[in-house]
Amino acid sequence: MDFTGRIGRLRGLFCKHGIDAMLVSKLENIHYLSGFTGSTAQLIITVNELFFLTDSRYYEQFKQEVMGGYQLIPFYTGTLGGKLAELGSSAGIKKMGVEASALTYAQVLELQENAGMEIAPVSGVVEGLRIIKEPEEVDCLRRAIKLKEEAYSEVIKLLKPDVTEAETAAEFEYRIRLKGARASSFSPIVAFGENSCKPHASFSSRKLVPASPLLFDLGVKLDSYCSDFTRTIFFGGVSPGWEKIYNAVLEAKDAAATLGKPGMTGLEVDKLARDIIVARGFDSYNENGEERKYFGHGLGHGVGLEVHEGPRLHSKSADILEPGMIITIEPGIYLPGQGGVRIEDMYLVTDNGFENLNSLPTDLKVVQ
Ligand code: GLY
Ligand code: MN
Ligand code: MN
């Protein structure tokens, strides 16, 4: 990965934000700018210097992983504000950008009191760089998708009448680790029958329900990059009602995937899918174009070092899609107390449209 290029692009944004240095605290951003995969560190990036603050638990990891030319600054006692004051006076820092979403209000107050420089909370600065993926990152994401698809394909072969959601989720997590993933990218959603009416259901000891939706929303973290995918399948049969719902969700997903283009906003792509679900009679808009009863969530989101990142695809999103972004498309229809269907794939935004990075089919699947 091109850490020097990334650091250079971040420095190029200092002027726009009126800062002469940046404290980077969010772990995914630290990883993006240095390669570090540990769980305790802070970066201080000035116009001329790169400081990496961590404690002795991570000195070896620093040597092995951290690229870009950072100077290791031991930091295990005292306040962050005090450390900044020390480094800031020798590096001549006057105004430091800090990540508003990564620090608590108490931490910002402490910095303002002790750092001896102006502290400016900023938002989305490193995330704005991460939103366009480099080819090497797209390769990592493709590998995370492939590994998850292999594990999912194995797990659905284990479905049988008495199997529970929890056993199925455990099988997935066991298999992804054997295949080299560090972990799931989010707690697996395995929702059988009525439980699938909750878009983010928790798994439980509920047993498989024949002829009702079995919803699997699964992802892995491989070499720090995430995957995110949903299939809804049926066991032992499917009723005409669920088949109709499934086909409406699939048609909505395919409409967004084939008609979506770079240059569109997240709102416009969301609408491509939502209009189909409304036209098929499974949801409605009120006079403000807002009512969402059975497809209540947004159409999708970016994926990278985090499973949910920019751009956002929902009915208020002004994010403009650009080549190199990675997005999900994941419409769903959820009937309270009965169940739900969602289908989700990850796409690369290209110059011409959206390339599906998944390889598993989306046609209606009924296992016996
Ligand atoms: N796995 C959560 C989501 O699809 O956004
Ligand atoms: Mn998703
Ligand atoms: Mn998902």
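Use the structure listed above.
Note that the coordinates shown come from a computational prediction; the quantities given were computed from them, not determined experimentally. (Residues numbered from 1 in each chain as written. Chains lettered and ligands numbered in written order. Predicted model: local features only at pLDDT ≥ 70, side-chain atom pairs only at ≥ 80, totals over all residues. Heavy atoms only, no water.)

### Quick word on the coordination of the manganese ion (ligand 2)
Argument step 1. Coordination sphere of the manganese ion (ligand 2), protein contribution only: Asp228 (OD), His301 (NE2), Glu330 (OE) and Glu344 (OE), at 2.0 to 2.1 Å.
Argument step 2. Taken together, the 6 donor atoms coordinating the manganese ion (ligand 2) and their angles of 51 to 158 degrees define a geometry best described as irregular.
Argument step 3. Between the donor residues of the manganese ion (ligand 2), the gaps in sequence give the motif D-x72-H-x28-E-x13-E.
Argument step 4. Taken as an interatomic distance, the gap from the manganese ion (ligand 2) to the manganese ion (ligand 3) is 3.3 Å; aspartate 228 donates to each of them. (Donors = N, O, S within 2.8 Å, 3.2 Å for Na, K, Ca; no water. Tetrahedral: all angles 85-135°; square planar, octahedral: opposite > 155°, others 65-115°.)

### Topic: the coordination of the manganese ion (ligand 3)
Argument step 1. Asp217 (OD), Asp217 (OD), Asp228 (OD) and Glu344 (OE) make up the full set of protein donors to the manganese ion (ligand 3), lying at 2.0 to 2.5 Å.
Argument step 2. Seen from the manganese ion (ligand 3), its 6 donor atoms lie at angles of 56 to 167 degrees, and the figure they make is irregular.
Argument step 3. Ordering the donors of the manganese ion (ligand 3) by residue number gives the pattern D-x10-D-x115-E.

### Things to note about the side chain of threonine 232
Argument step 1. Position of threonine 232 among the secondary structure elements: in strand 12 (residues 229-235).
Argument step 2. With near-sequence residues (within four places) excluded, threonine 232 lies in contact with Pro213, Leu214, Leu215, Tyr246, Gly340, Val341 and Arg342. (Helix = DSSP H or I, 4+ residues; strand = E, 2+ residues; numbered from the N terminus. Contact = heavy atoms within 4.5 Å.)

### Section: the sheet that holds strand 12
Argument step 1. Spatially, 8-9-12-20 is the arrangement adopted by the 4 strands of the open sheet, whose pairing is mixed. This sheet does not close on itself; its edge strands, each paired only once, are strand 8 (189-192) and strand 20 (366-367).
Argument step 2. With 4 bridges joining them, strand 8 and strand 9 (residues 214-218) adopt antiparallel strand pairing. If you follow alanine 191 over to strand 9, its bridge partner there is leucine 215.
Argument step 3. The sheet contacts of helix 8 (residues 135-156) involve strand 9 and strand 12, and relative to strand 12 the element is tilted by about 15 degrees.
Argument step 4. Its contacts with the sheet place helix 9 (residues 165-178) against strand 8 and strand 9, and it is angled at close to 150 degrees to strand 8. (Pairing = 2+ DSSP bridges. Axes fitted to C-alpha atoms, helices over the stretch in contact; angles between N-to-C directions.)

### Let's talk about the site of ligand 1
Argument step 1. Near ligand 1, the surroundings consist of Phe186, His200, Asp217, Asp228, His301, His308, Glu330 and Glu344.
Argument step 2. Separating a nitrogen atom of ligand 1 from a side-chain N or O atom of aspartate 228 is a distance of 3.1 Å.
Argument step 3. Glutamate 330 places a side-chain nitrogen or oxygen 2.8 Å from an oxygen atom of ligand 1.
Argument step 4. Starting from 200 Å² of accessible surface for ligand 1 in isolation, the protein chains cover 95%.
Argument step 5. Class assignment for the residues of the shell around ligand 1 results in 1 nonpolar, 3 polar and 4 charged. (Near = heavy atom within 4 Å. Polar contact = N/O pair within 3.5 Å; in protein donor to acceptor, adjacent residues only side chain to side chain. Areas by Shrake-Rupley, 256 points an atom, 1.4 Å probe, with all protein chains shown as cover. Nonpolar A, V, L, I, M, F, W, Y, C, P; charged D, E, K, R; others polar.)

It is worth stressing that arrangement in space is one thing and function is another; only the former is reported here.
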